[in-house]
Amino acid sequence: MATGFAAARGQGTIVNIVAFVAAALIGNALVFATGSAGGPPPPGSEGLLPPGPVVGAVWLVQFALMGVARAWVLRDGGAGEWRGWLPVAIGVICLAFPVYTAGLSDPAAGAVGTVVTLVVVVIAMLAIGQSSSRAAWALVPLACWLGYVAGVYYLT
(Lines give C-alpha, C1' and ligand atoms only; values in the text may rest on other atoms or scores of the structure.)
Protein backbone atom coordinates (compact mmCIF):
# COMPACT_ATOMS: atom_id res chain seq x y z
CA MET A 1 0.00 0.00 0.00
CA ALA A 2 1.27 3.45 -0.89
CA THR A 3 2.04 5.75 1.99
CA GLY A 4 2.89 9.41 2.48
CA PHE A 5 2.62 11.71 -0.49
CA ALA A 6 1.76 8.89 -2.88
CA ALA A 7 -1.29 7.97 -0.78
CA ALA A 8 -2.36 11.61 -0.64
CA ARG A 9 -2.25 11.68 -4.45
CA GLY A 10 -4.83 8.88 -4.55
CA GLN A 11 -2.68 5.81 -5.04
CA GLY A 12 -3.39 4.18 -1.69
CA THR A 13 -6.22 1.68 -1.50
CA ILE A 14 -7.71 3.14 1.69
CA VAL A 15 -7.52 6.71 0.36
CA ASN A 16 -9.33 5.68 -2.82
CA ILE A 17 -12.02 3.72 -0.99
CA VAL A 18 -12.70 6.61 1.39
CA ALA A 19 -12.78 9.12 -1.47
CA PHE A 20 -15.25 7.07 -3.52
CA VAL A 21 -17.52 6.27 -0.58
CA ALA A 22 -17.46 9.91 0.55
CA ALA A 23 -18.37 11.01 -2.99
CA ALA A 24 -21.28 8.57 -2.99
CA LEU A 25 -22.54 9.78 0.40
CA ILE A 26 -22.20 13.46 -0.47
CA GLY A 27 -23.62 13.02 -3.97
CA ASN A 28 -26.63 11.08 -2.74
CA ALA A 29 -27.22 13.58 0.05
CA LEU A 30 -27.37 16.34 -2.57
CA VAL A 31 -29.55 14.33 -4.95
CA PHE A 32 -32.06 13.36 -2.27
CA ALA A 33 -31.99 16.77 -0.52
CA THR A 34 -32.90 18.53 -3.76
CA GLY A 35 -35.63 16.00 -4.58
CA SER A 36 -33.93 14.95 -7.82
CA ALA A 37 -34.55 11.27 -7.07
CA GLY A 38 -38.15 11.57 -5.96
CA GLY A 39 -39.80 9.54 -8.69
CA PRO A 40 -41.44 6.17 -8.16
CA PRO A 41 -39.82 2.89 -9.16
CA PRO A 42 -40.89 1.39 -12.48
CA PRO A 43 -44.47 0.09 -12.42
CA GLY A 44 -44.63 -3.57 -11.43
CA SER A 45 -41.08 -3.66 -10.04
CA GLU A 46 -41.96 -3.39 -6.35
CA GLY A 47 -41.43 -7.12 -5.71
CA LEU A 48 -38.23 -7.25 -7.75
CA LEU A 49 -36.32 -4.42 -6.09
CA PRO A 50 -34.77 -4.74 -2.63
CA PRO A 51 -35.74 -2.21 0.07
CA GLY A 52 -34.18 1.25 -0.16
CA PRO A 53 -31.61 0.73 2.62
CA VAL A 54 -30.36 -2.44 0.90
CA VAL A 55 -30.02 -0.59 -2.41
CA GLY A 56 -28.09 2.16 -0.60
CA ALA A 57 -25.75 -0.39 0.97
CA VAL A 58 -25.20 -2.09 -2.39
CA TRP A 59 -24.22 1.23 -3.94
CA LEU A 60 -21.79 2.04 -1.12
CA VAL A 61 -20.10 -1.32 -1.69
CA GLN A 62 -19.99 -0.61 -5.43
CA PHE A 63 -18.32 2.76 -4.84
CA ALA A 64 -15.82 1.17 -2.45
CA LEU A 65 -14.97 -1.36 -5.18
CA MET A 66 -14.49 1.49 -7.67
CA GLY A 67 -11.93 2.90 -5.23
CA VAL A 68 -10.23 -0.48 -5.00
CA ALA A 69 -10.19 -0.74 -8.81
CA ARG A 70 -8.59 2.70 -9.11
CA ALA A 71 -5.92 1.90 -6.53
CA TRP A 72 -5.11 -1.41 -8.20
CA VAL A 73 -4.91 -0.04 -11.72
CA LEU A 74 -2.57 2.71 -10.51
CA ARG A 75 -0.47 0.22 -8.58
CA ASP A 76 -0.32 -2.39 -11.34
CA GLY A 77 -0.14 -0.02 -14.32
CA GLY A 78 1.89 2.79 -12.78
CA ALA A 79 1.04 6.16 -11.29
CA GLY A 80 0.79 7.83 -14.71
CA GLU A 81 -1.68 5.25 -16.03
CA TRP A 82 -4.59 7.02 -17.76
CA ARG A 83 -6.84 4.04 -17.06
CA GLY A 84 -6.77 5.04 -13.39
CA TRP A 85 -9.27 7.74 -14.30
CA LEU A 86 -11.81 5.27 -15.68
CA PRO A 87 -13.15 4.27 -12.22
CA VAL A 88 -13.53 7.99 -11.49
CA ALA A 89 -15.53 8.45 -14.70
CA ILE A 90 -17.69 5.45 -13.79
CA GLY A 91 -18.24 6.94 -10.33
CA VAL A 92 -19.41 10.23 -11.83
CA ILE A 93 -21.85 8.42 -14.11
CA CYS A 94 -23.11 6.31 -11.21
CA LEU A 95 -23.63 9.41 -9.05
CA ALA A 96 -26.17 10.51 -11.65
CA PHE A 97 -27.92 7.12 -11.46
CA PRO A 98 -30.68 8.24 -9.02
CA VAL A 99 -31.47 11.20 -11.28
CA TYR A 100 -31.88 9.32 -14.54
CA THR A 101 -33.61 6.28 -13.03
CA ALA A 102 -36.11 7.71 -10.54
CA GLY A 103 -35.66 11.47 -10.84
CA LEU A 104 -36.84 11.66 -14.43
CA SER A 105 -39.99 9.70 -13.51
CA ASP A 106 -39.76 7.94 -16.85
CA PRO A 107 -39.13 4.18 -16.76
CA ALA A 108 -37.89 4.24 -20.37
CA ALA A 109 -35.25 6.86 -19.52
CA GLY A 110 -34.23 4.80 -16.49
CA ALA A 111 -33.91 1.66 -18.60
CA VAL A 112 -31.86 3.35 -21.30
CA GLY A 113 -29.67 5.12 -18.73
CA THR A 114 -29.03 1.86 -16.90
CA VAL A 115 -28.04 0.05 -20.10
CA VAL A 116 -25.78 2.91 -21.19
CA THR A 117 -24.09 2.84 -17.76
CA LEU A 118 -23.66 -0.93 -18.02
CA VAL A 119 -22.06 -0.61 -21.47
CA VAL A 120 -19.69 2.11 -20.21
CA VAL A 121 -18.70 -0.08 -17.26
CA VAL A 122 -18.00 -3.09 -19.48
CA ILE A 123 -15.91 -1.00 -21.90
CA ALA A 124 -14.00 0.49 -18.96
CA MET A 125 -13.44 -3.00 -17.53
CA LEU A 126 -11.93 -4.14 -20.83
CA ALA A 127 -9.62 -1.11 -20.94
CA ILE A 128 -8.65 -1.41 -17.27
CA GLY A 129 -7.99 -5.13 -17.72
CA GLN A 130 -5.11 -4.29 -20.05
CA SER A 131 -3.26 -2.74 -17.09
CA SER A 132 -4.66 -4.71 -14.16
CA SER A 133 -6.90 -7.74 -14.42
CA ARG A 134 -7.70 -7.62 -10.71
CA ALA A 135 -8.84 -4.00 -11.03
CA ALA A 136 -11.18 -5.02 -13.84
CA TRP A 137 -12.53 -7.89 -11.71
CA ALA A 138 -13.27 -5.42 -8.90
CA LEU A 139 -15.88 -3.86 -11.20
CA VAL A 140 -17.67 -7.13 -12.02
CA PRO A 141 -20.17 -6.73 -9.12
CA LEU A 142 -21.12 -3.31 -10.51
CA ALA A 143 -21.75 -4.79 -13.96
CA CYS A 144 -23.86 -7.54 -12.37
CA TRP A 145 -25.87 -5.02 -10.34
CA LEU A 146 -26.48 -2.85 -13.40
CA GLY A 147 -27.50 -5.92 -15.40
CA TYR A 148 -29.97 -6.84 -12.67
CA VAL A 149 -31.43 -3.31 -12.56
CA ALA A 150 -31.66 -3.21 -16.36
CA GLY A 151 -33.49 -6.53 -16.25
CA VAL A 152 -35.94 -5.15 -13.70
CA TYR A 153 -36.65 -2.18 -15.98
CA TYR A 154 -37.15 -4.34 -19.05
CA LEU A 155 -39.19 -7.03 -17.29
CA THR A 156 -41.70 -4.58 -15.86
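As a reminder, the structure under discussion sits directly above these lines.
Residues numbered from 1 in each chain as written. Predicted model: local features only at pLDDT ≥ 70, side-chain atom pairs only at ≥ 80, totals over all residues. Heavy atoms only, no water.

A.B. asks: Would you mind going over the overall build of the protein in detail, with residue names and values included?
C.D. replies: Secondary structure summary: the protein contains 8 helices and 0 strands in total. Its helices and strands taken in sequence order, the protein reads α-α-α-α-α-α-α-α from the N to the C terminus. For the protein, with 156 residues in total, the buried portion stands at 41%. Considering only intrachain contacts with a sequence separation of at least 6, the fraction spanning at least 24 residues in the protein is 77%. Accessible surface computed for the protein: about 7600 Å², of which carbon and sulfur atoms make up 75%. (Helix = DSSP H or I, 4+ residues; strand = E, 2+ residues; numbered from the N terminus. Buried < 20%, exposed > 50% of the residue type's maximum accessible area, 1.4 Å probe, protein only. Contact = heavy atoms within 4.5 Å. Areas by Shrake-Rupley, 256 points an atom, 1.4 Å probe, with all protein chains shown as cover.)

A.B. asks: Go over the pattern of salt bridges, please, and point to the residues and values.
C.D. replies: Tallying each qualifying case throughout the model produces 1 salt bridge. A salt bridge links Asp76 to Arg134; the nearest nitrogen and oxygen atoms lie 3.0 Å apart. Note that Asp76 is positioned in helix 3 (residues 52–77) and Arg134 in helix 7 (residues 133–137), a separation of 58 residues in sequence. Given the relative accessible area of 37%, Asp76 is considered partly exposed. (Salt bridge = Lys/Arg side-chain N within 4 Å of Asp/Glu carboxyl O.)

A.B. asks: An account of the packing of aromatic side chains is requested, with residue identities and associated values reported.
C.D. replies: Tallying each qualifying case throughout the model produces 3 aromatic pairs. Aromatic side chains Trp59 and Phe63 sit 6.2 Å apart centroid to centroid with 50 degrees between the ring planes, which places their arrangement in the tilted category. Here the residue Trp59 and the residue Phe63 both occupy positions in helix 3, the gap between them amounting to 4 residues, near one helical turn. For the pair Trp59 and Phe63, one class covers both residues: buried. (Phe/Tyr/Trp six-rings, centres within 6.5 Å; stacked < 30°, edge-to-face > 60°.)

A.B. asks: Requested: an account of the nonpolar core, with residues and values cited.
C.D. replies: Burial of nonpolar side chains together is a common tendency in soluble globular proteins. Counting residues in each nonpolar core, the largest one holds 30 residues, and the members touching the most others are Trp59, Met66, Ile90 and Leu142. Among the elements of the structure, helix 2 (13–33), helix 3, helix 4 (86–95), helix 5 (97–103), helix 6 (107–129), helix 7 and helix 8 (140–155) are those that each provide at least two residues to this core. If one sorts the elements of this core by residue count, helix 3 sits on top with 7 residues. Not counting chain neighbours up to four residues away, the residues in contact with Met66 comprise Phe20, Pro87, Ile90, Gly91, Cys94, Leu139 and Leu142. (Core = buried A, V, L, I, M, F, W, Y, C linked by side-chain atoms within 4.5 Å.)

A.B. asks: Outline the packing of helix 2 against helix 3, supporting the account with residue identities and numerical values.
C.D. replies: Running from amino to carboxyl end, helix 2 crosses helix 3 at an angle of 145 degrees, the nearest separation of the two axes being 8 Å. With respect to the hand of their crossing, helix 2 and helix 3 are arranged in right-handed fashion. Residues Thr13, Asn16, Ile17, Phe20, Val21, Ala24 and Leu25 of helix 2 form the contact with helix 3, whose participating residues are Leu60, Phe63, Ala64, Met66, Gly67, Val68, Arg70, Ala71, Trp72 and Arg75. Its residues assigned to classes, the contact of helix 2 with helix 3 comprises 12 nonpolar, 3 polar and 2 charged. (Axes fitted to C-alpha atoms, helices over the stretch in contact; angles between N-to-C directions. Left-handed = near helix turned anticlockwise from the far one by under 90°. Nonpolar A, V, L, I, M, F, W, Y, C, P; charged D, E, K, R; others polar.)

A.B. asks: Can you tell me about the packing of helix 3 against helix 4, naming the residues and giving the values?
C.D. replies: Put simply, helix 3 and helix 4 touch, their axes get as near as 9 Å, and they point 160 degrees apart. The pairing of helix 3 with helix 4 is recorded here as roughly antiparallel in orientation. Along this stretch, helix 3 crosses helix 4, giving a crossing that reads as left-handed. Of helix 4, the residues touching helix 3 (which contributes Trp59, Phe63, Met66, Ala69 and Arg70) are Pro87, Val88, Ile90, Gly91, Cys94 and Leu95. (Parallel < 35°, antiparallel > 145°, perpendicular 65-115°, else oblique.)

A.B. asks: Got a sec to walk through helix 3? Specific residues and values, please.
C.D. replies: Taking 1.5 Å of rise per residue, the 26 residues of helix 3 would be expected to cover 38 Å, and the 37 Å separating its terminal C-alpha atoms lies within 8% of that figure. Within the span of helix 3, buried status applies to Trp59, Gln62, Phe63, Ala64, Met66, Gly67, Val68, Ala69, Arg70, Ala71, Val73 and Leu74. (Expected span 1.5 Å × (residues − 1).)

A.B. asks: Now, about the side chain of Arg83: what can you tell me, with residues and values included?
C.D. replies: You can see Arg83 is positioned in the loop between helix 3 and helix 4. Classification of Arg83 by relative accessible area gives buried; the value is 13%. Engagement of the side chain of Arg83 in a polar contact is seen with the side chain of Gln130, the distance being 2.8 Å. (Polar contact = N/O pair within 3.5 Å; in protein donor to acceptor, adjacent residues only side chain to side chain.)

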